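Okay, here's what each chain looks like letter by letter:
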Amino acid sequence: MLAVHLVSFFFSKLQEDPTKKVDRFLYAMRLHDNQLRDISARFQAEMKKGLSAESNAAAAVRMLPTHVRSTPVGSEKGQFLALDLGGSKFKVLQVKVREGMGIRRGGVEMEEKTYPIPEELLVGRGPELFDHVSESLKDFLHEKNISLEKKHPLAFTFSFPCEHSTLDQGKLLNWSKKYRIRGFQGKDVVQALREAIDRTGGMDIEVLAMVNDTVATMMTCGFDDNYCDVGLIIGTGTNACYMEALRHVDLVEGDEGRMCVNTEWGAFGDDGALDDYITEFDKDVDAASNNPGKQIFEKMVSGMYLGELVRLVVLKMAKQGLLFDGHVSHALRTKGKITTADVAAMEEYKNGLTNTKDILSSLDLTPSPDDCIAVQHVSTIVSFRSSNLVAAGLAAILTRIRQNRNQRALRITVGVDGTVYKTHPQYPKRLHKVVRRLLPECHVRFVLSDSGSSKGAALVTAVAQRLASQKRKVDETLSPFRLSHEQLQLVKARMRTGLEAGLKAKGPSAIKMLPSFVYRTPDGREHGKYLALDLGGTNFRALLVKFKKGLQPYSRLYHKIYTIPLEIMQGTGEDLFDHIVECISDFLDYMGMKNARLPAGFTFSFPCEQTAIDTGTLVSWTKGFKATDCEGHDVVNMLREAIKRRNEFDLDIAAVINDTVGTMMSCAYEDPQCEIGLIAGTGTNVCYMEELKNIEKIEQKKVEREDRMPEGEGVKDDGAEGKKVRDAKLQKMCINTEWGGLGDDGSLDDIITPYDVEVDQNSINSGKQRFEKLTSGMYLGEIVRQVLLDLTRGGLLFRGHVTEPLKTRGIFETKYLSQIESDRLALLQVRSILQGLGLDSTCDDSIIVKEVCGAVSRRAAQLCGAGMAAVVDKIRENRGLDHLNITVGVDGTLYKLHPHFSRIMHQTVNELAPRCNVNFLLSEDGSGKGAALITAVGCRLRQELNNK
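Conventions adopted
- Every chain is numbered on its own, with residues counted from 1 as its sequence reads.
- Given that the model is predicted, a residue must reach a pLDDT of at least 70 before its local features are reported, and side-chain atom pairs must reach 80 or more before they are shown or counted; all residues, however, enter totals for whole chains, interfaces and linings.
- Processing note: side-chain calculations cover all non-hydrogen atoms of the structure and skip hydrogens and water entirely.
- In this text, helices come from DSSP runs of H or I with a minimum length of four residues, and strands from runs of E with a minimum of two, each type numbered from the N-terminal end.
- C-alpha atoms define the radius of gyration, and 2.2 Å times the number of residues to the power 0.38 defines the globule rule.
- Residue exposure (1.4 Å probe, protein chains only): buried if accessible area is under 20% of the type maximum, exposed if over 50%, otherwise partly exposed.
- When checking whether two residues touch, look at their non-hydrogen atoms; a contact exists if any pair is within 4.5 Å.
- Every accessible area reported is derived by Shrake-Rupley at a probe size of 1.4 Å, with residue values counting cover from the shown protein chains alone.
- Here, axes are lines fitted to C-alpha atoms. For helices the fit covers the stretch in contact, and angles between N-to-C directions go from 0 to 180 degrees.
- When describing relative orientation, an angle under 35 degrees is termed roughly parallel and one over 145 degrees roughly antiparallel, while 65 to 115 degrees is termed roughly perpendicular and anything else oblique.
- All residues other than Ala, Val, Leu, Ile, Met, Phe, Trp, Tyr, Cys, Pro, Asp, Glu, Lys and Arg, Gly among them, are scored as polar; the first ten of these are nonpolar and the last four charged.
- Two strands are said to pair when DSSP picks up at least two bridges between them.
- The crossing is said to be left-handed when, going from far helix to near helix, the turn is anticlockwise and less than a right angle, and right-handed when the turn is clockwise.
- Ring pairs shown here join Phe, Tyr and Trp side chains whose ring centres sit within 6.5 Å, with only the six-membered ring taken for Trp; geometry is labelled stacked below 30 degrees between planes, edge-to-face above 60, and tilted in between.
- Comment: the charge-over-ring label is applied if NZ (Lys) or CZ (Arg) is within 6 Å of the ring centre and within 35 degrees of the ring normal.
- Any carboxyl oxygen of Asp or Glu that lies within 4 Å of a side-chain nitrogen of Lys or Arg is treated as forming a salt bridge with it.
- The disulfide criterion is simple: two cysteine sulfur atoms within 2.5 Å.
- Side-chain atoms alone can form a polar contact between residues adjacent in sequence; in general such a contact is a pair of N or O atoms within 3.5 Å, and within protein one must be able to donate a hydrogen while the other accepts it.

*Asks:* I'd love a proper account of the overall build of the protein chain, names of residues and values included.
*Replies:* The number of helices and strands found in the protein chain is 32 helices and 26 strands. Taking 30 Å as the expected radius of gyration for a compact globule of 948 residues, we find that the protein chain reaches 39 Å, considerably beyond that expectation. Seen through its principal axes, the protein chain has C-alpha atoms that stretch 135 × 80 × 50 Å. The buried share of the protein chain, reckoned over its 948 residues, is 58%. Partitioning the intrachain contacts of the protein chain with sequence separation of at least 6 by distance along the chain shows that 72% fall at a separation of at least 24. Only carbon and sulfur atoms are counted for the fraction: they give 49% of the accessible area of the protein chain, which is about 39,500 Å².

*Asks:* Tell me about the packing of helix 12 (residues 352-361) against helix 13 (residues 369-405), residues and numbers included.
*Replies:* Taken N-terminus to C-terminus, the directions of helix 12 and helix 13 make an angle of 100°; their axes are 9 Å apart at the nearest point. Put simply, helix 12 runs roughly perpendicular to helix 13. Between helix 12 and helix 13, the residues in contact are Gly352, Leu353, Thr356, Lys357 and Leu360 and Cys372, Ile373, Val375 and Gln376, respectively. Residues belonging to the contact of helix 12 with helix 13 are distributed by class as follows: 5 nonpolar, 3 polar and 1 charged.

*Asks:* Lay out the sheet that holds strand 5 (residues 152-158) in plain terms, naming residues and giving numbers.
*Replies:* If you trace the 5 strands from one edge of the open sheet to the other, you get 4-3-2-5-8, paired in mixed fashion. Each edge of the open sheet carries a strand with a single partner, namely strand 4 (108-116) and strand 8 (205-211). Neighbour-to-neighbour, the strand axes of this sheet turn through a mean angle of 20°, independent of strand direction. Pairing of strand 3 (residues 89-97) with strand 4 involves 9 bridges; the strand directions are antiparallel. Pairing of Val95 across the sheet is with Met110, part of strand 4. Here helix 5 (residues 126-143) sits on the sheet and contacts strand 2 (78-85), strand 3, strand 4, strand 5 and strand 8; the angle it forms with strand 4, its principal contact strand, is near 130°. The sheet strands contacting helix 6 (residues 189-200) are strand 2, strand 5 and strand 8, and the helix crosses strand 8 at an angle near 155°.

*Asks:* Quick one: what's the story with the pairing of strand 6 (residues 162-166), residue by residue and with numbers?
*Replies:* Pairing of strand 6 with strand 7 (residues 169-172), which is carried by 4 bridges, proceeds in the antiparallel orientation. Considered in strand 7, the bridge of Cys162 is made with Leu172. In sequence, strand 6 turns back onto strand 7 through a hairpin of 2 residues.

*Asks:* Quick one: what's the story with the packing of helix 8 (residues 280-287) against helix 10 (residues 303-319), residue by residue and with numbers?
*Replies:* Closest axis-to-axis distance for the helix 8/helix 10 pair is 10 Å, and the angle between their directions is 120°. Our classification of the angle between helix 8 and helix 10 gives oblique. The handedness of the crossing between helix 8 and helix 10 is right-handed. Each of Glu280, Phe281, Asp282, Asp284 and Val285 in helix 8 lies in contact with helix 10, whose residues at this interface are Tyr305, Glu308, Leu309, Leu312, Val313 and Lys316. A per-class count over the contact of helix 8 with helix 10 returns 6 nonpolar, no polar and 5 charged.

*Asks:* Now, about unusual backbone geometry: what can you tell me, with residues and values included?
*Replies:* The backbone of Gln295 shows a phi angle near 55°, a positive value even though the residue is not glycine. Tracing the sequence through the fold places Gln295 in the loop between helix 8 and helix 9 (296-301). Even without glycine at this site, Gln769 takes up a positive phi of about 55°. Taking the relative accessible area as the measure of exposure, Gln769 reaches 8% and is therefore buried.

*Asks:* I'd like a rundown of the packing of aromatic side chains, residues and numbers included.
*Replies:* Counting across every chain of the model gives 26 aromatic pairs. A ring pair is formed by Phe606 and Trp621, whose centres lie 4.9 Å apart and whose planes are at 80°; its orientation type is edge-to-face. Placement of Phe606 in the loop between strand 18 (599-604) and strand 19 (608-609) and of Trp621 in the loop between strand 20 (617-618) and helix 20 (635-646) is noted, with a sequence separation of 15 residues between them. Trp621 matches Phe606 in its accessibility class, with the two residues each being buried. Ring geometry for Phe812 versus Tyr816: centroids 5.8 Å apart, planes at 65°, classification edge-to-face. Taken together, Phe130, Phe156, Phe158, Phe160, Trp175, Tyr179 and Phe184 form an aromatic cluster joined through their ring pairs. The ring of Tyr227 carries Arg411 above its face, with NZ or CZ at 4.0 Å from the centroid. Above the ring of Tyr590, the side-chain terminus of Lys560 is found at 4.8 Å from the ring centroid.

*Asks:* Quick one: what's the story with the sheet that holds strand 1 (residues 64-65), residue by residue and with numbers?
*Replies:* The 6 strands are arranged 1-11-10-9-12-13 in an open sheet whose pairing can be described as mixed. Only two strands of the sheet have a single neighbouring strand rather than two, namely strand 1 and strand 13 (442-448). In this sheet, strand 10 (residues 238-245) lies alongside strand 9 (residues 228-234) in antiparallel orientation, the contact comprising 5 bridges. Residue Leu232 lies in a different strand from strand 10, and its bridge partner there is Ala240. Strand contacts of helix 13: strand 9, strand 10, strand 11 (258-262), strand 12 (410-417) and strand 13, with the helix running at about 140° to strand 12, the strand carrying the most contacts. Against the sheet, helix 15 (residues 427-438) touches strand 9 and strand 13, its axis set at about 160° to strand 13.

*Asks:* Can you lay out the pattern of salt bridges for me, pointing to particular residues and giving the numbers?
*Replies:* A complete count under the given rule lists 55 salt bridges for this structure. We note a salt bridge from Arg311 to Glu308, for which the minimum N-O separation is 2.6 Å. A residue pair is termed a helical-turn pair when its members lie 3 or 4 positions apart in one helix, as Arg311 and Glu308 do in helix 10 at 3 residues. Residue Arg311 is classed as buried on the basis of its relative accessible area of 4%. The exposure class assigned to Glu308 is buried, which follows from its relative accessible area of 12%.

*Asks:* I'd like to hear about the environment of Met593, residue by residue, with values.
*Replies:* With respect to the helices and strands, Met593 occurs in the loop between helix 19 (573-591) and strand 18. Taking C-alpha positions, Met593 is 24 Å from Ile657, a pair spaced 64 residues apart along the chain.

*Asks:* Pulling in residues and values, what's your account of the state of the cysteines?
*Replies:* Counted according to the given criterion, the structure contains 0 disulfides. Distance from the sulfur of Cys221, which forms no disulfide, to the nearest cysteine sulfur (Cys228) is 4.9 Å. According to the relative accessible area criterion, Cys221 is buried, its value standing at 3%. Looking at Cys687, it has no disulfide partner, and the nearest cysteine sulfur is the one in Cys734, 3.7 Å off.

*Asks:* Could you give an account of the environment of Ala668, naming the residues involved and the relevant values?
*Replies:* Within the secondary structure layout, Ala668 lies in helix 21 (residues 659-668). A residue is classified by how much of its surface remains accessible, and Ala668, at 2% relative accessible area, is buried. Sequence separation between Ala668 and Leu921 is 253 residues, and the spatial gap between their C-alpha atoms is 9.4 Å. Beyond its immediate chain neighbours, meaning those up to four positions away, Ala668 contacts Thr521, Pro522 and Cys674.

*Asks:* Give a description of the environment of Val133 that names residues and reports values.
*Replies:* For Val133, the position within the fold is in helix 5. Residue class for Val133 comes out buried when judged on its relative accessible area of 1%. The spatial distance from the C-alpha of Val133 to the C-alpha of Asp276 is 43 Å, given a sequence separation of 143 residues.

*Asks:* Before we move on, can you summarise the side chain of Glu782 with the specific residues and values?
*Replies:* By secondary structure assignment, the location of Glu782 is in helix 26 (residues 777-793). Note on Glu782: relative accessible area 10%, which makes it buried. A polar contact is formed between the side chain of Glu782 and the side chain of Arg785, at a distance of 2.6 Å. If we skip the residues at most four places from it in the chain, Glu782 touches Val759, Arg809, Gly810 and Phe812.

Here you go:
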């Protein structure tokens, strides 16, 4: 009975599918998706550790910055020499890159020659190796009849781990493959090459760049495919690189743009991170290697070790009687007898089993058909594990890129090179399939690199040259926007001259210096309800404001905003004021106050000549307004006439003010030292309290008559000192400078750029408001667009493609400057903004656009700062003070929303007016609150005069 069972058992073993026993034997090598996701997560953690300055030194995955900051865009061109050193042979090449043509279209032409490296040099001294390389380079120049006298840029592919400090400097971290050169670790490889070239003599070579073969692979594929941001090598060794956001690369200064990081992922697991996935065969391979404990991941996946892994598995199975009836040949015991090429041959689709039998027979084995099937399956499992592990690492890199870009889905291309990928019949298909299964949300394309390490090095150099040339040209374009201290001092002096000229009774002045007939800032006695009307741009606002006695917080009860259509802005004056009155009527209906005759203040933010607080003759429209029959007319009277025409309500319009004056008044309500108002928004303007004696254009007697300040009820008699303070107040009046007109007389021509001229000529008031057109939100975006258009036409932006959106006036609004210059905004978000405008940009384009925005807005802030320095210094000198403490009330979207404008402006004021301590106070609802305050002050004074 026992004999029957034994026969049955052995018969069943004979009938068993040979692949199943292999599956059981190599169970630990068969990785399912959850395990691959776990490995991917571990690699992501290793990447993060390697990128951090704090943990990099202890990281197994070194994440080495390469200083390659851009992939090709197609405009690269030039002729380069290239050296490719990374194996037992090296190549010297001449590479010609033609602009605008991808590799497949003949954009890169190469001539090359391969030179052997004698075995003794692989274990010799560094200078001897590089002398051999240099002499071979000279031989190549002779053979190809390349001039020795002409300077040649050279790119160096060096396929060993290096720590780069610049693109053309790199210290060797360690040798790999068969290289064991003594005393060279930690040395600068490029410097060693340069010294060897000098020793050889007779060549004028400029080594511009040194890159890893992985980086070169990415660059080669990137020349044809702009989505290629990853390089992958799966050959004798393995490695990956990718374009990382520079803000995450701690080892390199700066946070703008991207940089290629060489992961050196072959060392993944050197710190034990893969111990639970390592098999006994991996341990045996590692122990027998030249670098035990190092490059663990590489030993699990690369071509240098796959054949040996298969041999060790087959050997153990044979020893256990699972193969060849237990027979083990001497050849099977010999290290290296099964190669990775053998593994590939055994897995061929049609001839795999035949190849397997031939390979096993060459090892002095007599395999049965089942043995051949089993050994072929061993090869499949070993190579499949390799592709699975590579897929897990690649999934980690792609996930990081997707997270950096904050994208749910990712379209990306991986450039691939290496003998395993190229020659193994099943490897690419398996790798692609697993990557797509692990990352279903990513559209990943794999592109095989053609001579990637050679072409890629030349392309790195070509890109570096393009970027250097591009930066030089961009700097030249932006240099007129970068104002020196001396230029800013001149602007300050010209502003001061303009202020003085505008105060004169006679003579021309580009700065109008309009009296506002506002003599006082609030003193706490303002109280009651007031209507505030505000026309300052494309919107009109109506507000109801209430003040309590004493300097207490005011309350804005209600307000409504109404749009001014373009056809109204540029129609007739009557239509404009009828529209305003219609808005007021709606607001009064909304408030249920149609029958109440409220005192009202009218904020009218355009240049007006005033002869009293409640009259204002429009000098000229700004900010896009062009309503007819308004200039030269009293706007308060026009408003009163429109109210009469509607005949629904009545208002007591007690004051008309500029928004700048309103801003000053609202801040003075909180800070008695506030005697300047600044608007830095759609438009720009300044007002300040000027000494009456300096204002020649107004009648002093009228001022004295209107400005008597009686002691009203509730005002205590504070004696001689109080009278002194009140008398001082009687001697000032707020002047609305209308400083935006500085330069209308040509005084700014030396700093005005061709882009400013273009913006001015396309405006509705050409030749007017020149200072405003350099500094205000209405124009900064258009200046930027003009610069971008010029750079694009010069081939420096958007691949030289001038799109319709880029040609559209006004499309680049100033709000985009504020967004783009935000410190919290990543370049991919900048890119998203540009793409939203129809501008298809790269990250390199985004850097340039951000630089342009910064130059234009910085100049605007500095010019405002220079103008303000002129104002505060004038006030200080007016008062005969050695040092002035003063507050500026500020309003305007540019000041409030731009991330750097206020800081740069403050800094400029401090530098140009060092004897003034200037505090800036942000106005809350200045134009509305200020109009109500002035109305309250005027009503109080009028009541006091009537009572007297």
